[in-house]
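# Remarks on the overall topology
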Amino acid sequence: MEVRTYPALGEQVIWQTLPNGLSIAIVPRPGFTKKLCYFVTDFGAIHTEFSMDGKDYKVPAGIAHYLEHKLFDLPGRDVTAEFAALGAIPNAFTSYDITAYYFSCTENFPKCLDLLLEFVSTPYFTDETVRKEQGIIGQEIDMNRDNPDTQIFEMLMENMYENHPIRVPILGRRETIARITPETLTACHKAFYRPDNMLLCIVGDVDAEEVRRITENRLGNPLLPPVTRVRRWEEEMVCKTPY
């Protein structure tokens, strides 16, 4: 355990790295009632090519966001309702380079933390649920088409870049998400939702040793095969579409 101090900010951060490679950062808030917890993976919309177990993968655009949605599914359970019963508010987001799952609470923090770790680390995908999600995310894609700010930014990226995956919207497109299957979701989860590719960040009045114990009990110390990200992102120093 390492304590890093930042005198200019009057802050300190307690850092731990577990044997499984997971990084934990705790910002202490003694006496505070509210706790905020983020579980973040280094996997976002631009990470669509990788090699794992001797096999090359090129997954459809939008899969990181799709996976974010599907991880809230556990068989026969309602994760959001379970958080609500504990007095917590959960949510998640996907950006171009990360996916984050989080909750805030004022009580039952250990149980909330364990639930967060459980559902994020438990892939459960069926043909039926994956097909159902295509309609839901398709509606989200359509809603973005009615947002001028989003449309301007996405069109700018598409016209600036020839190869970089930032040229494709974070949500993907209807034709790309239609190619997402339980198998591709499972492959992405195995490749990127591994402790050595993730960060657990907590702000609040919590016990660092208790956090470590809960995390090790839930995630264990797996020995995982290496994953190689493939980046074919070379770009000319000019816009794809000159004006």
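## Overview of the nonpolar core
- Counting 55 residues, the largest nonpolar core has Phe103, Phe119 and Leu200 as its most contacted members.
- When residues in this core are grouped by element, the largest group, 8 residues, is from helix H3 (residues 109-120).
- Counting 6 residues, the second largest nonpolar core, distinct from the first, contains Ile46, Tyr96, Ile166 and Ile170.

## As for the pairing of strand S9 (residues 89-94)
- In S9, alternate side chains face the same way, and those of Pro90, Ala92 and Thr94 are buried while those of Ile89, Asn91 and Phe93 on the opposite face are not.
- Two strands pair when backbone bridges link them, and S9 and strand S10 (residues 99-105) are joined in this way by 6 bridges, in the antiparallel orientation. Within the sheet, the bridge partner assigned to Thr94 lies in S10 and is Thr99.
- The loop that links S9 with its antiparallel partner S10 comprises 4 residues.

## Focus: the layout of surface pockets
- Looking at the largest pocket, its volume works out to about 330 Å³.
- Lining the largest pocket are 22 residues; nearest its centre among them are Thr48, Glu49, Lys58, Val59 and Pro165.
- Looking at the lining of the largest pocket, its residues break down into 10 nonpolar, 5 polar and 7 charged.

Reading guide: rules and limits
Residues numbered from 1 in each chain as written. Predicted model: local features only at pLDDT ≥ 70, side-chain atom pairs only at ≥ 80, totals over all residues. Heavy atoms only, no water. Core = buried A, V, L, I, M, F, W, Y, C linked by side-chain atoms within 4.5 Å. Buried < 20%, exposed > 50% of the residue type's maximum accessible area, 1.4 Å probe, protein only. Helix = DSSP H or I, 4+ residues; strand = E, 2+ residues; numbered from the N terminus. Pairing = 2+ DSSP bridges. 1 Å grid on protein atoms, 1.4 Å probe; cavity = no way out; pocket = protein on both sides within 12 Å on 5 of 7 lines; lining within 4 Å. Points joined across faces, edges and corners; volume = space filled by probe spheres on them. Nonpolar A, V, L, I, M, F, W, Y, C, P; charged D, E, K, R; others polar.

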